[in-house]
Amino acid sequence: MTALAAPSRPPRPSPLARALLSDWFVLWLSVLLFVGLLPVLPTLGTPANLANLLSNAWPLLVVALGQTFVMTIGGIDLSQGAVIGLTSTLGAALAATAADPDVLSKAPIWGVLIGEQGGILAGQVAAAILATLIAAALVGLVNGALVAWLDMPPFMVTLVSLITVGAFAIWLTQSENIRNLPDAYIRLGQGEIVSIYIGPKDEPQIPRRQVHDLVTWAAVIAVSAAVLLHLLLERTAFGRQVVAVGANRRAAEIAGVPVRRVIVLVFVLSALCAALGAVLYSARLEAGRPTLGEGTFLLDVIGATVIGGTSLFGGKGKVLWTVFGVLFFVLLGNTLNLMNLSTFHIDMVKGGVILLAALLDVGRTRLQRRLG
Amino acid sequence: MTTRTTLLSAAGALGLLVGLGTGAQAATICFAFQDLETEFWVAGHKAITTTLTEAGNTVIERNANEDANRQLEQINDCIAQGVDGIILIPQDGESAVTIVQTAQDADVPIAVFNRPPSDLSRGIIVVADNEEIARQAVDFVAQEAMAAIPDRPIQPLILVGDLGDPNAVGRRDGFYAALAPYGDRFATPIEVATEWDAATALANLEAAITANPNVDLIFTSSDFLFPTIRSVLEPRGMWAPRGEAGHVLMAGLDGDATACQLIKDGYVDATGVQDLYFEAESAMNAILAAIEAGDTQPNQVIEDPGFALTSANLAEREMDMWGCVLLSEGFLNQ
């Protein structure tokens, strides 16, 4: 009689390992950061600052949601910033209610998309946004097709898009901004639905400074997008296919996953999120800007997504993680601002935190493998 | 002249003026700027921060690194921090409108330094009369050109700034206003877009000069582009001082140290001068006065009339130009 060895059980994870692997890890980190700094930076907890934090988070979240899907298939989308510039310009040009010929008459879009009386869809906000979404989808389609059918690296494809689409956006208006957005458009980025005032009601007129936006249209749009994309990623066959492609493209193909279609759709989704983010940013700034999304913006998007826990190697990504990542990233930027650090120091710290998050991703992946 | 020089070179003295002028108690001022990429902004930044600090005020500095959205977020952070007032150098005229409105809606007085919002009706706006200053500078070189080239149309070229910035629009308008009285003595000007970016200016000017090597007169909407112009003209033998063959008549606007040196050396003929220290002092005095008076939404346009420093009036007016003052202090050798 031969004694059979009992199957070896994976080692029981320590509390630290459990915390590291928890979906809520970054949220706890954010809470720690907030509570830890509150005694030193009391402004951090004021209603005005909390309202700022949220208003800074919504547009970034919308863009980062798209990046989450791309990273989950093991890719990266560097073109999001350029798509934001393009769609911000297009949307504003179409919806603007007037335009200054002194500024725009030499732009190629003058007389085609916009004139002195405004855009060809002047005041029609929904139609203008739909048009920008179509334009963004086309960019995503090209990105996705090149990656899926020509097996080109996403980094290279989207880098080229970043350059060409960005230059195209600037060419469209010759670098000019487009003002005179309709009020309905501006409300998407600035309009509040619920505002709060905390304090005694002993004055007939409450100063505007003490009234804080709690629920805004930007919040509704961002939360709706997050819920929809969460359901898409977690509850649908498409979502499982996205994870499968990121985990092992070859295995996914063998298992019958339409890999190329998934890749194309993911890049289209990413561009659509960028376009939606562009609407919020443009409305917030009350102008369409071809240079919107330039500079260190992509650092914020990728940083927030990676910090959330979405793996740079693909196969792991959750909308909830990105929500927490955006929250942490915005909170980090806010605290550094309140410490009165210079922009350069803030960007250096942000870069360091992204590096830490990437290292953490490597550590978590190894830990998961070890724990089976 | 001596008094003025001392005033210009010593920001501390300016601070004393501010303190005396307003009798203000210490305030916390948020100074938000888009970047410090030219001599003008560097000198303006130094004048404002040094003066405010030496007058006992606290200055919270915010550099948006040329990102309009980031600047808006920084202003919101400043408001949340409870600052008493804001001095803003915006990214452009459009974002300035939004930011001024944001500050005023939060009952925080705001002054916009030098780069005005597209809408001048709100906020304290300190701005140079760009059109008139540009007109004076261009008129000088236009007359020089007509005297030097009597027998054919003169070919002018303008380096245009970012037309989203009202300063750039005013300077371009001043250029055209200066040439308009002379009718067909001047050919249709060649416009070179710069977007206030030296690399963009270099690429576009290279192309323009290659296509039109017979340019007689160049006006740059900002002095910071003179080194760029030099790098394009010098290899073509078009960078020569006054009186030598190949000299292209040249004018600029700002009044920085480089322009001062180039006028002295004869390569540049005129530049429109913004009185940087007057503008800085006006912005600070106005914001401190508003804080002192409890006026949370002050609206005022303060205009800097400026003037043109030319090769003809250099000897008399040199030390009225902030760039020449900096030059005399060894700014370009630092």
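Refer to the structure printed above.
Because the structure is predicted, anything quoted here is derived from the model rather than measured.

Draft legend 1. Fine view of the packing of helix 8 (residues 198-211) of chain B against helix 9 (residues 226-233) of chain B. Residue and element names in this part refer to chain B. At a closest axis distance of 10 Å, the pairing of helix 8 and helix 9 adopts a crossing angle of 35°. In the packing of helix 8 onto helix 9, the handedness of the crossing is right-handed. Contact residues: helix 8 offers Ala198, Ala201, Leu202, Leu205, Glu206 and Ile209, while helix 9 offers Thr228, Ile229, Ser231, Val232 and Leu233.

Draft legend 2. Structural detail: the pairing of strand 9 (residues 249-254) of chain B. Residue and element names in this part refer to chain B. Most of strand 9 sits inside the fold, with six of its six residues counted as buried. Residues Leu249, Ala251 and Leu253 point to one face of strand 9 and Met250, Gly252 and Asp254 to the other, with burial holding for every one of them. Here strand 8 (residues 217-220) pairs with strand 9 via three bridges, running parallel. Bridging across to strand 9, Leu217 finds its partner in Leu249. Considered for its hand, the β-α-β crossover made up of strand 8, helix 9 and strand 9 is right-handed. Sheet topology note: the strand 9/strand 10 (residues 270-273) ladder contains four bridges and is parallel. Within strand 10, the position partnered with Leu253 by the bridge is Gly272. Since strand 9 and strand 10 lie parallel, the crossover through helix 10 (residues 257-265) that links them has a hand, and here it is right-handed.

Draft legend 3. How the structure looks around the pattern of salt bridges. The final tally for this structure, using the stated rule, is 19 salt bridges over all chains. Salt-bridge contacts for A:Arg284 lead to B:Glu73; the nearest nitrogen and oxygen are separated by 3.0 Å. You can see A:Arg284 sitting in helix 12 (residues 259-285) and its partner B:Glu73 sitting in helix 4 (residues 68-80), one on each of two chains. Exposure class is identical for A:Arg284 and B:Glu73. Each is buried. Because the salt bridges share partners, they merge into one network encompassing A:Asp151, A:Arg249, A:Arg250 and A:Glu253.

Draft legend 4. View of the sheet that holds strand 5 (residues 124-128) of chain B. Residues and elements named next belong to chain B. Spatially, 2-1-3-4-5-11 is the arrangement adopted by the six strands of the open sheet, whose pairing is parallel. This sheet does not close on itself; its edge strands, each paired only once, are strand 2 (58-63) and strand 11 (300-304). Across the sheet, the axes of successive neighbouring strands diverge by a mean angle of 15°, strand direction being ignored. As judged from the five bridges shared by strand 5 and strand 11, these two strands associate in the parallel manner. Within strand 11, the position partnered with Ile124 by the bridge is Gln300. Running over the sheet, helix 5 (residues 93-105) touches strand 3 (85-89) and strand 4 (110-113) and is turned about 160° from strand 4.

Draft legend 5. Geometry of the interface of chain A and chain B. Each side of the interface is counted separately: chain A has 33 residues, and chain B has 35 residues. At the boundary of chain A and chain B, one finds four salt bridges. Across the chain A-chain B interface, the total number found is 14 residue pairs in polar contact (both at pLDDT 80 or more). Contributing elements (two or more residues each) for the side of chain A that touches chain B: helix 3 (47-72), helix 5 (101-104), helix 12, helix 14 (319-338) and helix 15 (343-371) of chain A. The element best represented in the side of chain A that touches chain B is helix 3 of chain A, accounting for four residues.

Draft legend 6. How the structure looks around the sheet that holds strand 8 of chain B. Residues and elements named next belong to chain B. One open sheet holds the six strands; their spatial order is 7-6-8-9-10-12, and the pairing between them is mixed. Edge strands, defined here as strands with exactly one partner in the open sheet, are strand 7 (190-193) and strand 12 (307-310). The average undirected angle you get between the axes of adjacent strands in this sheet is 15°. Docked against the sheet, helix 6 (residues 130-148) engages strand 8, strand 9, strand 10 and strand 12, running at close to 170° with respect to strand 9.

Draft legend 7. Molecular detail of the packing of aromatic side chains. What the rule picks out here adds up to twelve aromatic pairs over all chains. With centroids separated by 5.4 Å and ring planes inclined at 40°, the aromatic side chains of A:Trp24 and A:Phe324 adopt a geometry described as tilted. Here A:Phe324 lies in helix 14 and A:Trp24 lies in the loop between helix 1 (15-21) and helix 2 (25-37), a separation of 300 residues in the sequence. With a relative accessible area of 42%, A:Trp24 lands in the partly exposed category. On the basis of relative accessibility, which here comes to 7%, the residue A:Phe324 falls in the buried class. Aromatic side chains B:Phe40 and B:Trp322 sit 5.5 Å apart centroid to centroid with 70° between the ring planes, which places their arrangement in the edge-to-face category. With B:Phe40 in helix 3 (residues 39-54) and B:Trp322 in helix 13 (residues 322-328), this residue pair connects regions lying 282 residues apart in the sequence.

Definitions and cut-offs
Residues numbered from 1 in each chain as written. Chains lettered and ligands numbered in written order. Predicted model: local features only at pLDDT ≥ 70, side-chain atom pairs only at ≥ 80, totals over all residues. Heavy atoms only, no water. Axes fitted to C-alpha atoms, helices over the stretch in contact; angles between N-to-C directions. Helix = DSSP H or I, 4+ residues; strand = E, 2+ residues; numbered from the N terminus. Left-handed = near helix turned anticlockwise from the far one by under 90°. Contact = heavy atoms within 4.5 Å. Buried < 20%, exposed > 50% of the residue type's maximum accessible area, 1.4 Å probe, protein only. Pairing = 2+ DSSP bridges. Right-handed = clockwise from strand over helix to strand, strands pointing away. Salt bridge = Lys/Arg side-chain N within 4 Å of Asp/Glu carboxyl O. Polar contact = N/O pair within 3.5 Å; in protein donor to acceptor, adjacent residues only side chain to side chain. Phe/Tyr/Trp six-rings, centres within 6.5 Å; stacked < 30°, edge-to-face > 60°.

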